[in-house]
Amino acid sequence: MKLAQARNSRMRITLVEDNVSLAKGIAYRLEDEGHAVDVLDDGLQAQQFLKSDRSDLVILDINLPGLDGLSLLKELRKRGDARPVILLTARAETEDRVVGLDAGADDYLIKPFEMAELEARVRALLRRRAVPQDVVRTVGAIEYNVSSRQLVSGGQELTIPRRELSVFECLAMADGRLVPKSALIAHCYGTGADVEESVVEVHVSRLRSRLKPFGIQIKSQRGLGYQLLAEAGT
């Protein structure tokens, strides 16, 4: 295990990758971008490290010695660790990507990949993190806290599935403006994710049903996208 020295950076990143040459290449490129990178090569070591570490982003290989990446990711989400995770894998099948995303990954890269693409994915997550963390959006009878990612109505927290929460977040932060499906996919699954539009349509449909009792509509414009709006009188 190697822990790289932190320097003045825009983001602290934990990289878990057992391919030494690949790990060095990734760390070099990210550090050159101004990030601080901690590099680990074993799933069990990473498991212990991430329990106390407070990095901003995790780049996680799936095939790791000690503990595989998917199991580590599921454990992170189970204990409420919501930091962004980019999965790295040699598995190109759609089913494998779906499994990874459903386990809680924010983005997914298939090996081999261009370093420029990884850098772009990191920048996208960095922009998402850059949203002011004390922002509270009020839509109809619901308040959404950006920092805690909590939905509250009448003093009670509303619990909804993670992907639907991401859809709500993206729409709420648009302040009533139209949000294209492509933007929803990027927000929920990561920039460049190979996800069918029909998947987002299912999330939107389910979220629409959940929000209706609170006086909130998700209006769709065919071929353009969606708007989150409070009904008149709410």
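This text goes with the structure placed above it.
Residues numbered from 1 in each chain as written. Predicted model: local features only at pLDDT ≥ 70, side-chain atom pairs only at ≥ 80, totals over all residues. Heavy atoms only, no water.

Engineer: I tried to follow the packing of helix H6 (residues 162-173) against helix H8 (residues 197-211) on my own but got confused; where do I start?
Structural biologist: Pairs of packed helices are described in terms of their axes, by the angle between the two and the distance that separates them. It is at 9 Å that the axes of H6 and H8 come closest, and there the two elements cross at 80 degrees. Between H6 and H8, the angle is such that the two are roughly perpendicular. Mapping the contact onto sequence places Arg163, Glu164, Val167 and Phe168 in H6 and His203, Val204, Arg206, Leu207, Arg210 and Leu211 in H8. Residues of the contact of H6 with H8, tallied by class, amount to five nonpolar, one polar and four charged. (Axes fitted to C-alpha atoms, helices over the stretch in contact; angles between N-to-C directions. Helix = DSSP H or I, 4+ residues; strand = E, 2+ residues; numbered from the N terminus. Parallel < 35°, antiparallel > 145°, perpendicular 65-115°, else oblique. Contact = heavy atoms within 4.5 Å. Nonpolar A, V, L, I, M, F, W, Y, C, P; charged D, E, K, R; others polar.)

Engineer: Mind showing me how you'd approach the pattern of salt bridges here?
Structural biologist: Once their charged atoms are close, side chains differing in charge can pair, the charge on each being opposite to the other. Taken as a whole and assessed by the stated rule, the structure comprises 15 salt bridges. A salt bridge links Arg77 to Asp106, with the shortest nitrogen-to-oxygen separation between them at 2.9 Å. Of the two residues, Arg77 is situated in helix H3 (residues 69-78) and Asp106 in the loop between helix H4 (94-102) and strand E6 (107-110); the sequence distance between them amounts to 29 residues. Since its relative accessible area comes to 16%, Arg77 is described here as buried. Assessed through its relative accessible area of 7%, Asp106 is described here as buried. Of the charged contacts in the structure, one is a salt bridge between Lys181 and Glu201, with a shortest N-O distance of 2.4 Å. Placement of the pair is Lys181 in helix H7 (residues 181-189) and Glu201 in helix H8, with a sequence separation of 20 residues. Among the charged side chains, a salt-bridge network with shared partners connects Glu17, Asp61 and Lys111. (Salt bridge = Lys/Arg side-chain N within 4 Å of Asp/Glu carboxyl O. Buried < 20%, exposed > 50% of the residue type's maximum accessible area, 1.4 Å probe, protein only.)

Engineer: Any chance you could explain the side chain of Arg163 here in plain terms?
Structural biologist: Of note, Arg163 is situated in helix H6. No salt bridge is formed by the buried Arg163. Its closest oppositely charged neighbour is Asp102, at 4.9 Å. Excluding its chain neighbours within four sequence positions, the residues that come into contact with Arg163 are Leu101, Asp102, Ala105, Cys188, Tyr189 and His203. (Lys, Arg positive; Asp, Glu negative; His and termini not counted.)

Engineer: Sorry if this is basic, but what is going on with the environment of Val200 here?
Structural biologist: Residue position: Val200 is located in helix H8. Val200 gets classed as buried once you look at its relative accessible area, which sits at 1%. Separated by 36 residues in the primary sequence, Val200 and Glu164 have C-alpha atoms spaced 9.0 Å apart. Contact partners of Val200, with chain neighbours within four places excluded, come to Leu184 and Ile185.

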